[in-house]
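Given next are the chains, with one letter for each unit.
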Amino acid sequence: MAHHNYIRMHDQRDQHFQEVEANLDVFAYEEHQLEDNVEEDEASLSQEMVEVRDQIATSVMGQGFVAKSLTIENSAGPQNHQAAVLYNTANQSAFYNCIFLGYQDTFYAKENRQFYKDYKIYGTVDFIFGHAKAIFQDCHIYARPETLITITAQNRASDSEVNGFSFQGCHVEAAPGLTPPQRANLRVFLGRPWDRYSTVIFMQSIFDDIVDPQRWTEWPGVPVDHLYYAEYDNSGLGADTSKRVNWKGYHVVKKWMEDDWFTVAKFLDGNSWLPETGVPYRSGLRIVS
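Residues numbered from 1 in each chain as written. Predicted model: local features only at pLDDT ≥ 70, side-chain atom pairs only at ≥ 80, totals over all residues. Heavy atoms only, no water.

Undergrad: Quick question: what am I supposed to make of the overall build of the protein chain here?
TA: Of the regular secondary structure elements, the protein chain holds three helices and 23 strands. For the protein chain, with 289 residues in total, the buried portion stands at 56%. Across the protein chain, contacts joining residues at least 24 apart in sequence account for 65% of those joining residues at least 6 apart. For the protein chain, the computed accessible surface area is about 12,000 Å², with 46% contributed by carbon and sulfur atoms. (Helix = DSSP H or I, 4+ residues; strand = E, 2+ residues; numbered from the N terminus. Buried < 20%, exposed > 50% of the residue type's maximum accessible area, 1.4 Å probe, protein only. Contact = heavy atoms within 4.5 Å. Areas by Shrake-Rupley, 256 points an atom, 1.4 Å probe, with all protein chains shown as cover.)

This is the structure:
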């Protein structure tokens, strides 16, 4: 299977994952819960793992999939470039207290409504990507060393599509265990547009000093006039917006009402289906006085 450089046109990624779909390890569950009781040891990451080797993704399909306390690793390593940990197309899926260990393209949020709570994801290039309607709440986003580190590559393709990534109360930080020189060389961007209407918002999150002052970066050949990238009420050493990108589609939100749409209650209609999953969630934002 061909490996692609991390600076690649977006049609190559779709081709790549079409190639691996034939070899997927598939978890296809209808209204079932997958729970794996693992011993938690974050420092050494010595939890029991589901290993996905040789660029083969783990796929989740169906309706109402719930995973709790599950760790999934793709052990292909950074030298193998694209190597997804999870490929999720399941509608109304929820993940709670899970860990995804990967590098480039760690997690493909392919489509439909998805919710992630208290989960940890490790990656390098575009490690959360796709065109699902997904909310990430109280999650830890760990950057691993790479020349270009981009957290998201969301690919909303037209203004008629209703999808995007919303991050609420998350923490963008360096992966544990890095040497001081490795950490010092981290330069993390919140995302880049996989397509022209790419939609990503970070709200009430914490950015460590590894976040680049510009926050966002371009994808060669993709215009930035129609995307929607936004930040609201974030904090931390990397949260200063004074040197942000000067794009028409980039917004610093001043009032929480402006982006109330990107909450669990409205964006995912989560109050109608999340309670039965047993996964805790906040339906709205924390109100700032």
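Undergrad: Explanation requested: the nonpolar core in the structure shown.
TA: General note: in soluble globular proteins, nonpolar side chains tend to be found buried as a group. One finds Phe100, Phe107, Tyr119, Ile128 and Phe136 to be the most contacted residues of the largest nonpolar core, which totals 47 residues. The next biggest cluster of nonpolar side chains, apart from the first, holds 17 residues, and it includes Met203, Val253, Leu268 and Leu285. (Core = buried A, V, L, I, M, F, W, Y, C linked by side-chain atoms within 4.5 Å.)

Undergrad: Looking at this structure, how should I read the pairing of strand E14 (residues 133–137)?
TA: Look at any regular strand and the pattern is simple: side chains alternate between the two faces of the sheet. The buried fraction of E14 is high, at five of five residues. By the alternation rule, side chains of E14 split into Lys133, Ile135 and Gln137 and Ala134 and Phe136, which are all buried. Bridge analysis of E14 against strand E17 (residues 164–168) gives five bridges, and the strand direction is parallel. Residue pairing across strands places glutamine 137 opposite glutamine 168, the latter belonging to E17. (Pairing = 2+ DSSP bridges.)

Undergrad: Just to check I follow, could you spell out the state of the cysteines for this structure?
TA: Linking two cysteines covalently through their sulfur atoms gives a disulfide. Under the counting rule described, the total for this entry stands at zero disulfides. In this structure cysteine 98 is a free cysteine whose sulfur lies 9.8 Å from that of cysteine 139, the closest cysteine sulfur available. Among the cysteines around cysteine 170, which has no disulfide bond, cysteine 139 carries the closest sulfur, lying 4.5 Å off. Accessibility expressed as a relative area gives 1% for cysteine 170, which makes it buried. (Disulfide = S-S within 2.5 Å.)

Undergrad: What is the right way to read the environment of glycine 221 from this model?
TA: Position of glycine 221 relative to the elements: it lies in the loop between strand E21 (206–207) and strand E22 (228–232). The exposed category is assigned to glycine 221, whose relative accessible area is 76%. Sequence spacing of glycine 221 and proline 193 is 28 residues, and the spatial spacing of their C-alpha atoms is 10.0 Å.

Undergrad: Where do I start with the environment of arginine 282 in this structure?
TA: Looking at the element boundaries, arginine 282 is found in the segment after helix H3 (264–267). Sequence-wise, arginine 282 and alanine 265 are 17 residues apart; in three dimensions their C-alpha atoms are separated by 8.4 Å. Excluding anything up to four places from it in sequence, arginine 282 contacts Lys117, Gln137, Asp138, Gln168, Gly169 and Val264.

Undergrad: Explanation requested: unusual backbone geometry in the structure shown.
TA: Even without being a glycine, glutamine 204 presents a positive backbone phi close to 50°. With respect to the secondary-structure elements, glutamine 204 resides in the loop between strand E20 (199–203) and E21. Glutamine 204 sits in the buried class, given a relative accessible area of 6%. Its identity as a non-glycine residue notwithstanding, aspartate 269 has a phi of 50°, on the positive side.

Undergrad: Explain the side chain of lysine 110 to me, please; I cannot follow it from the model alone.
TA: Relative to the elements of secondary structure, lysine 110 occurs in the loop between strand E10 (107–109) and strand E11 (113–117). Once you skip the residues sitting within four places of it in the chain, lysine 110 turns out to touch Tyr87, Asn88, Thr89, His131 and Ala132.

Undergrad: Got a minute to help me understand the packing of aromatic side chains in this structure?
TA: What characterises a pair of aromatic rings is the spacing of the ring centres plus the angle enclosed by the ring planes. All chains considered together, the criterion is met by 27 aromatic pairs. Judged by centre distance (4.4 Å) and plane angle (25°), the ring pair of tyrosine 108 and phenylalanine 129 falls under stacked. One end of the pair, tyrosine 108, is in strand E10; the other, phenylalanine 129, is in strand E13 (residues 125–130), and 21 residues separate them in sequence. Of the two residues examined, tyrosine 108 and phenylalanine 129, each falls in the buried class. Aromatic pair tryptophan 216 and tyrosine 250: ring centres 6.4 Å apart, planes at 55°, arrangement tilted. A residue pair is termed long-range when its members are at least 10 positions apart, and tryptophan 216 in the loop between E21 and E22 and tyrosine 250 in strand E23 (residues 250–253) qualify at 34 residues. Geometry around phenylalanine 267 places lysine 133 over its ring, the cationic atom sitting 5.2 Å from the centre. (Phe/Tyr/Trp six-rings, centres within 6.5 Å; stacked < 30°, edge-to-face > 60°. Lys NZ or Arg CZ within 6 Å of the ring centre and 35° of its normal.)

Undergrad: What is the right way to look at the pattern of salt bridges in this model?
TA: Side chains that differ in sign of charge can pair as their charged atoms come close. In the structure shown here, the tally under the stated rule is seven salt bridges. The partner of arginine 215 in a salt bridge is glutamate 231, and the shortest N-O contact between them spans 3.0 Å. Of this pair, arginine 215 sits in the loop between E21 and E22 while glutamate 231 sits in strand E22, and the two are 16 residues apart along the sequence. Both residues of the pair, arginine 215 and glutamate 231, count as buried. A salt bridge links aspartate 260 to lysine 266; the nearest nitrogen and oxygen atoms lie 2.6 Å apart. (Salt bridge = Lys/Arg side-chain N within 4 Å of Asp/Glu carboxyl O.)

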